[in-house]
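Examining the three-dimensional arrangement
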Amino acid sequence: MSSMSSVAGLSKYIKTLPKTKYNILGILILSFLIGSAYFLIDLTPSPSILEDIIFGGLFGLMVLGTATIMSGALNQQVISSLHGINLKIKHSMFLSGLSMTMLGIMVLIGCVISRIINIDIFINSALFALVLIYGFNTLVFWATSKVRFAVAAITGLIQPVLIMTMYILITFLFIDTSFIGPVIFQVIIKAAIAAIIFVLAIYAFIKVIASPFKKNLGIGVLDLLSLFIAHMNEGSNSLEGLFENMSEAIDTIVTFVSFKTENGIKALFISPSVHPGPLGDLGGSNMPTILANKFDFFTMVAHGPSTHDFNPIAVSEIDKVEKSVKNGLDKIKYSPTASKFVRYTSGKANIGVQFFNEGMVILSTFAPEAVDDIEFGVGLTMMAQSRNRCNVKDSIIVDCHNSFTPESGEVLPGNSEVFQLIDVIDTINPNQDQYEIKIGCNANDMGTLDKHEGIGESGLKTMVLEVDNQRTAFVLFDSNNMEIGFRQEIIDAVRDLDIDEIEVMTTDTHTVNTLSRGYNPVGIAKRKEIIEYVKISIQEAINDLEKVEVGTGTEKIENLNTFGPKNSTELISTISSVVAVSKIIAPVLLITALIIVFIWIFYGGL
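First, a word on scope: everything that follows refers to the structure included in this document. (Residues numbered from 1 in each chain as written. Predicted model: local features only at pLDDT ≥ 70, side-chain atom pairs only at ≥ 80, totals over all residues. Heavy atoms only, no water.)

**Some points on the overall build of the protein**
Let me state the cut-off plainly: Think of it this way: any DSSP run of H or I at least four residues long counts as a helix, any run of E at least two long counts as a strand, and we number them from the N terminus. Working definition: with a 1.4 Å probe on protein chains only, accessible area under 20% of the residue-type maximum means buried, over 50% means exposed, and in between means partly exposed. Every residue pair with non-hydrogen atoms within 4.5 Å of one another is taken to be in contact. In short, Shrake-Rupley with a 1.4 Å probe defines the accessible areas, and a residue's cover is counted only from the protein chains shown. Positive residues here are Lys and Arg, negative ones are Asp and Glu, while His and the chain termini are left out of the count. For this purpose, a charge sits on NZ of Lys, CZ of Arg, CG of Asp or CD of Glu.
Looking only at helices and strands, the protein has 18 helices and 14 strands in total. Overall size of the protein, expressed as C-alpha extent along the three principal axes, is 100 × 50 × 40 Å. The buried share of the protein, reckoned over its 606 residues, is 55%. Put simply, of all contacts in the protein between residues at least 6 apart along the chain, 80% involve residues at least 24 apart. Put simply, the protein shows about 25000 Å² of open surface, and 60% of that area lies on carbon and sulfur atoms. Looking at charge distribution, the protein has the averaged site of its 42 positive side-chain charges lying 4 Å from that of its 58 negative ones.

**Re the packing of helix α3 (residues 20–41) against helix α5 (residues 89–117)**
For any two helices packed against each other, the geometry comes down to the angle between their axes and how far apart the axes lie. Under the convention used in this document: Each axis is a line fitted through C-alpha atoms, taken for helices only over the stretch in contact, and angles between the N-to-C directions span 0 to 180 degrees. Every angle not falling under 35 degrees, over 145, or within 65 to 115 is termed oblique; those three ranges are roughly parallel, roughly antiparallel and roughly perpendicular. Amino acids are sorted into nonpolar (Ala, Val, Leu, Ile, Met, Phe, Trp, Tyr, Cys and Pro), charged (Asp, Glu, Lys and Arg) and polar (every other residue, Gly among them).
Packing of α3 against α5 brings their axes to within 10 Å, and their N-to-C directions diverge by 10°. As summarised for this structure, α3 and α5 are arranged roughly parallel, according to the angle between their axes. Of the residues in α5, those touching α3 at Thr-20, Asn-23, Ile-24, Ile-27, Leu-30, Ser-31, Ile-34, Ala-37, Tyr-38 and Ile-41 are Ile-89, Lys-90, Met-93, Phe-94, Gly-97, Met-100, Thr-101, Gly-104, Leu-108, Cys-111, Val-112 and Arg-115. Its residues placed into classes, the contact of α3 with α5 shows 14 nonpolar, six polar and two charged.

**Some thoughts on the pairing of strand β5 (residues 342–346)**
Operational definition: Pairing between strands is defined by DSSP: at least two bridges between the two strands are required.
Of the pairings in the sheet, the one linking β5 to strand β6 (residues 349–356) comprises five bridges and is antiparallel in character. Within β6, the position partnered with Ser-346 by the bridge is Ala-349. Connecting β5 to the antiparallel partner β6 that follows it, the hairpin turn spans two residues, and Gly-347 within it adopts a positive phi of roughly 65°.

**Thoughts on α3**
Our working rule: Residue count minus one, scaled by 1.5 Å, sets the expected span of a helix.
Here α3 contains 22 residues, and its C-alpha end-to-end distance of 31 Å stays within 8% of the 32 Å for a straight helix at 1.5 Å per residue. The elements touched by buried residues of α3 are α4 (49–81), α5 and α6 (122–144).

**What about the nonpolar core?**
As a reminder, the rule being used: In this description, a nonpolar core means a group of buried Ala, Val, Leu, Ile, Met, Phe, Trp, Tyr and Cys residues linked to one another through side-chain atoms lying within 4.5 Å.
In this structure, Ile-163, Phe-213 and Leu-239 are the most contacted members of the largest nonpolar core, which totals 78 residues. Among the elements that line this core, the one with the most residues is helix α9 (residues 182–217), at 14 residues. Not counting chain neighbours up to four residues away, the residues in contact with Phe-213 comprise Gly-218, Ile-219, Val-221, Leu-224, Leu-571, Thr-574, Ile-575 and Val-578. If you look at the next biggest cluster of nonpolar residues, it comprises 43 residues, including Met-287, Val-371, Ile-374 and Ile-425.

Spelled out as structure tokens, the structure:
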């Protein structure tokens, strides 16, 4: 599973934050409860528990609740006015509410300790907590909003300053004035020095982890993070601009089969060696739908041999795939005949083979074993070997991408699966009789299902091919792979239909990888409903059967801007190294800073 896909799973936390009104309601309730608990625990005796609850709750509402709601509104306005991104009002209010909760917990812990040791440490506990939430807010603003450190550090002050101001004001007006004067000055000095210590530790930590990204890839880690959040949260494609800084132009190929009647092309089956990633709507993630929609006839875009190295960096790069296919369509030679669909097996490798005029289609799967993408070099080897063995001009290799677990690995040079693919191609009988061919097509958007069930924009596309009374269904889900075992469940479920063979494929679209899982294969949920769609689609395709002529093509795609093998590997290795270093640096820097801040606040002597 790709690192980018894994990160995509974090989007659920961005999209499921409570609405602003619920955030405010939660802040008011929590602040009241924190205030009541503080009055019940503190060292000052009270005539009754009810008074502690009521007056403490009101105190919490005024000091914590009011200041937190104000800071939630102000933080969002300040960041937006300074051209920051991502911080909507609900995010800002949730962040302020979370910070207030952290403050409340630490203050109450301080109150409990005060009761135990019979020494009032409330002020110091509150200062320590305020410094922590200041650092936390600064880190969040800097890491997610694409603002400078100075802007984040100043904005991070808003909530702590408001809470401190409200505490002084309420205490001065209603409770106690004995501490006013020199004490306030001492508190401010102590808090300021502690805040500087902690925020400098955060600054040093971010600079350490950002350095490898800048050096190796020429991109800022905080820019990457904030633009990723913007895409997950708002659908912004600004991240594509960042990808341009690390892109690599490659040459690859696209193969295809065209079916036409006397009225023109009826259907097109495309297998591009371009990967539909990295995620969401970025780059080529929605390529199967975007490319198919560029043609005025039924078009299926299957998954060709390619990995995340071949992710287009921008949606506009898909135009180059379209151009190559359309150039190839002008060169195709058609024939009214084709061979039957035949299966071959060697080891774990299973292929379905069908010959069309000057070319052949190979549908490759390792089901029921779990395997991920077939690498481009492996695909080229399969093409060259099958063309040589079967004496054809075009070999359309399709990675059916239909048997997946989170541990699935790619098929890379040197893997045993490569030799199994070579062996199974050597078993193909090249001397297949040719017969008249009919095809029928159906597209079903699977309207009751969506990304939550792993279904992309194109839903389900089915093509039934009839050759010498043998009917074969090519069933293609617009999905990112298929839960292991679901392919066989579909095959078993359609045995009573008027077909002889079936292969189930997925496009590997990465538009579905923006929900609760970084991976999101079809078949995790609603299997029975999905199978019903397959049955309907196959029957509709059978009803659409008509005689066609068929031809194949192979075209080169030049200067396709992708992640590239070098940068894709560099990105993954950089992320891995940063994670490894962070596990050491973060505790050392941040815990050391916290210890220094703690000692300064509680034993600083001011």
